[in-house]
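# Chain and residue survey
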Amino acid sequence: MPHTPTTLFYPPLLPSLMQPVVVSIGGSILVPKASDVDSVIDIAALLDDMSEKRKLYVVVGGGRYARTYIGFGRNLGAEERHLDRVGIEFTRLNADLLRLALADRNLPERIPKTVKGAHALGKNHDLVVMGGTVPGHTTDHVSALLAREVGAELLVNATSVDGVYTADPYKDPKARRMEHISYAKLLKLVKDAEGKAGAHVPFDPKGTRLMAELKIPLIIVDGTDLDALQQAIEGDASSGTLVN
Ligand code: UTP
């Protein structure tokens, strides 16, 4: 059987793809190991390349260090809003790290703190990198808000799993990756996981709800697989899961 890619746009580079694409990159994808910055360099090179063809807005998550420090703060009895601020600082540090790896590129001097600020910078730059904004949500929701703000055609979530599975792939050997899922079904899946300690969801419930309202397609893809990430930014969801 010939391979039929799950493309949103065929051929993949329709002029319509000149509309902005928002890419949400989990902190654990950007810095998977404490020992080197190879992933940062590779992801930066890919984004640099891809942003020559279309405007890219990138939102970076907090990753392992954010989780560790939030844990420290919680053990010290800090309030959730304060812990959120700690998390936001880490998302911005990661955004800055990515920006450092793109030093040769004429990137905005600063990391925008709001989606409106990011949009304003996007008027003069093809690649804009930001982290979190305010307490009370995650960078998944920030990326959905940014998609709304800039009128994105597509949101790509580069995460640590290669898509949405029929069941938890770590627990159920029969679990298989779905090539496509509706927002309604994704919302049910992520809501069921909400509130379960340690649950990792492919996209958070707030972000999923907003994306469903916006009717902007979302591709969930393994961000450690650079070919898959590139395909996804081009609108080809065949290595991940297309949500729309
Ligand atoms: P992340 O977006 O990285 O959270 O922000 P996450 O989804 O828990 O992490 P990953 O994707 O699994 O790695 C880290 C934390 O920073 C705070 C929240 O506490 C969040 O859990 N945060 C982040 C905010 O409060 N506001 C923001 O805009 C972003």
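Residues numbered from 1 in each chain as written. Predicted model: local features only at pLDDT ≥ 70, side-chain atom pairs only at ≥ 80, totals over all residues. Heavy atoms only, no water.

## What to know about the overall build of the protein
Scanning the protein from N- to C-terminus turns up nine helices and nine strands. Over its C-alpha trace the protein gives a radius of gyration of 17 Å, about what one expects of a compact globule, namely 18 Å for 244 residues. Considered along the principal axes of its C-alpha atoms, the protein spans approximately 55 × 45 × 35 Å. A total of 244 residues make up the protein; the buried ones form 48% of that total. Put simply, 70% of the contacts in the protein that link residues at least 6 apart link residues at least 24 apart. Of the roughly 12400 Å² of accessible surface on the protein, a fraction of 54% belongs to carbon and sulfur atoms. In the protein, which carries 28 positive and 30 negative side-chain charges, the distance between the mean positions of the two groups comes to 7 Å. (Helix = DSSP H or I, 4+ residues; strand = E, 2+ residues; numbered from the N terminus. Rg over C-alpha atoms; globule rule 2.2 N^0.38 Å. Buried < 20%, exposed > 50% of the residue type's maximum accessible area, 1.4 Å probe, protein only. Contact = heavy atoms within 4.5 Å. Areas by Shrake-Rupley, 256 points an atom, 1.4 Å probe, with all protein chains shown as cover. Lys, Arg positive; Asp, Glu negative; His and termini not counted. Charge placed at Lys NZ, Arg CZ, Asp CG, Glu CD.)

## Here we look at the packing of aromatic side chains
Counted by the stated rule, this structure contains two aromatic pairs. Relative to F72, the ring of Y69 has its centre 5.3 Å away and its plane inclined at 65°; by these criteria the two rings are edge-to-face. Of this pair, Y69 and F72 both sit in helix α3 (residues 63–75), three residues apart, roughly one helical turn. Taking relative accessible area as the criterion, Y69 reaches 44% and is therefore assigned partly exposed. A relative accessible area of 46% means that F72 is categorised as partly exposed. One aromatic cluster is present, built from ring pairs that chain together Y69, F72 and F90. (Phe/Tyr/Trp six-rings, centres within 6.5 Å; stacked < 30°, edge-to-face > 60°.)

## Thoughts on helix α8 (residues 205–214)
Here α8 has its buried residues at P205, G207, T208, L210 and M211. Where α8 is buried, its residues touch α6 (139–150), β4 (154–159), α7 (183–193) and β8 (218–222). Here α8 starts with a cap whose side-chain oxygen sits 3.2 Å from the backbone nitrogen of K206, and that cap is D204. (Polar contact = N/O pair within 3.5 Å; in protein donor to acceptor, adjacent residues only side chain to side chain.)

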